[in-house]
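What follows is each chain in one-letter form.
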Amino acid sequence: MEWVENQKEGKKVIFLPLEIRVEPFPRRPGLVTSPAVLRLLEFLEASGGAAPGACDLLFKRKGEAVRRFKSLRAAGYAVRAYLGGEMLWLPRAHSVWDVASFARQRAIGWFAVRLFESGGRYGAGKAFFPDGSEMAVAVVPYDRPPPPPCVVVLAVGVKEGRGHVPPGAFWCREEDLAESDLPSCLNFAQEVK
């Protein structure tokens, strides 16, 4: 905590940094009997968690992801994590500890769902594309990019052109992943970006 002086009123107030809140697990895991709920659970476990908006893309009907997530929470397999006004859905085996891990997980969630939409899958820090190729995935500025070929996801607010993307790597912006499909978001770095 730090004291910050309020210029208008001349008072000192406490400035609290953004805080991560993760729900406690309500109980031991129960049974999951719905294939749709299981599909959401498998996605959350593979990706480590995602924003509700990203999870909506897994289902055709609007609001279906929320209903499936409620079932996962009730069965004790998933929780919500909050940072300011943002939320992530997390599986039982994963968590976020600070602002950096929250932002990193949000970016990975968007990349993983767009990869899933394209017919690929994400797991253990790697992207498995439909053509059979696999590449390591890094989120800049939180991870150091691995040697190419790899995929670099630029988190919200990170600009390309600052040496974040090595030549020979594919890269995309988290903001773009939230708006459009993976093929239209991926770029190839010919030189250092």
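This structure is a prediction, so every number in the text was calculated from the model and none was measured.

Novice: Would you take a moment to explain the sheet that holds strand 7 (residues 126-128) for this structure?
Specialist: Sheet strands pair by backbone hydrogen bonding; their relative direction is either parallel or antiparallel. Overall, mixed pairing links the six strands, which are arranged 6-7-8-9-10-11 in an open sheet. If you trace the sheet from one side to the other, it starts and ends with strand 6 (121-123) and strand 11 (187-188), each paired once. Here strand 9 (residues 150-154) pairs with strand 10 (residues 170-173) via four bridges, running parallel. Counterpart to Val151 in the pairing with strand 10 is Phe170.

Novice: What is the right way to read unusual backbone geometry from this model?
Specialist: Apart from glycine, the bulk of residues carry a negative phi angle, and the bulk of peptide bonds sit in the trans form. The peptide bond linking Val140 to Pro141 adopts the cis configuration, its omega dihedral lying at 20°. Of note, the bond from Pro148 into Pro149 is cis; its omega dihedral lies within 30 degrees of zero at 0°. Its place among the elements puts Pro149 in the loop between strand 8 (134-140) and strand 9. A positive phi angle is found at Ala124, which is not glycine, with a value near 55°. Note on placement: Ala124 falls in the loop between strand 6 and strand 7.

Novice: Which parts of the structure should I look at to understand the packing of aromatic side chains?
Specialist: Describing an aromatic ring pair means giving the distance of the ring centres and the angle of the ring planes. Enumeration over the complete set of coordinates arrives at three aromatic pairs. Note on Phe69 and Trp89: the rings are 4.2 Å apart at their centroids and 10° apart in plane angle, and the pair reads as stacked. Here the residue Phe69 occupies a position in helix 3 (residues 64-74), and Trp89 occupies one in strand 5 (residues 86-91), the gap between them amounting to 20 residues. Accessibility assignment for this pair places Phe69 and Trp89 in one class, buried. Here the guanidinium or amino end of Arg121 rests over the ring plane of Phe128, the centre of that ring lying 4.4 Å away.

Calculation criteria
- Residues numbered from 1 in each chain as written.
- Predicted model: local features only at pLDDT ≥ 70, side-chain atom pairs only at ≥ 80, totals over all residues.
- Heavy atoms only, no water.
- Pairing = 2+ DSSP bridges.
- Helix = DSSP H or I, 4+ residues; strand = E, 2+ residues; numbered from the N terminus.
- Phe/Tyr/Trp six-rings, centres within 6.5 Å; stacked < 30°, edge-to-face > 60°.
- Buried < 20%, exposed > 50% of the residue type's maximum accessible area, 1.4 Å probe, protein only.
- Lys NZ or Arg CZ within 6 Å of the ring centre and 35° of its normal.

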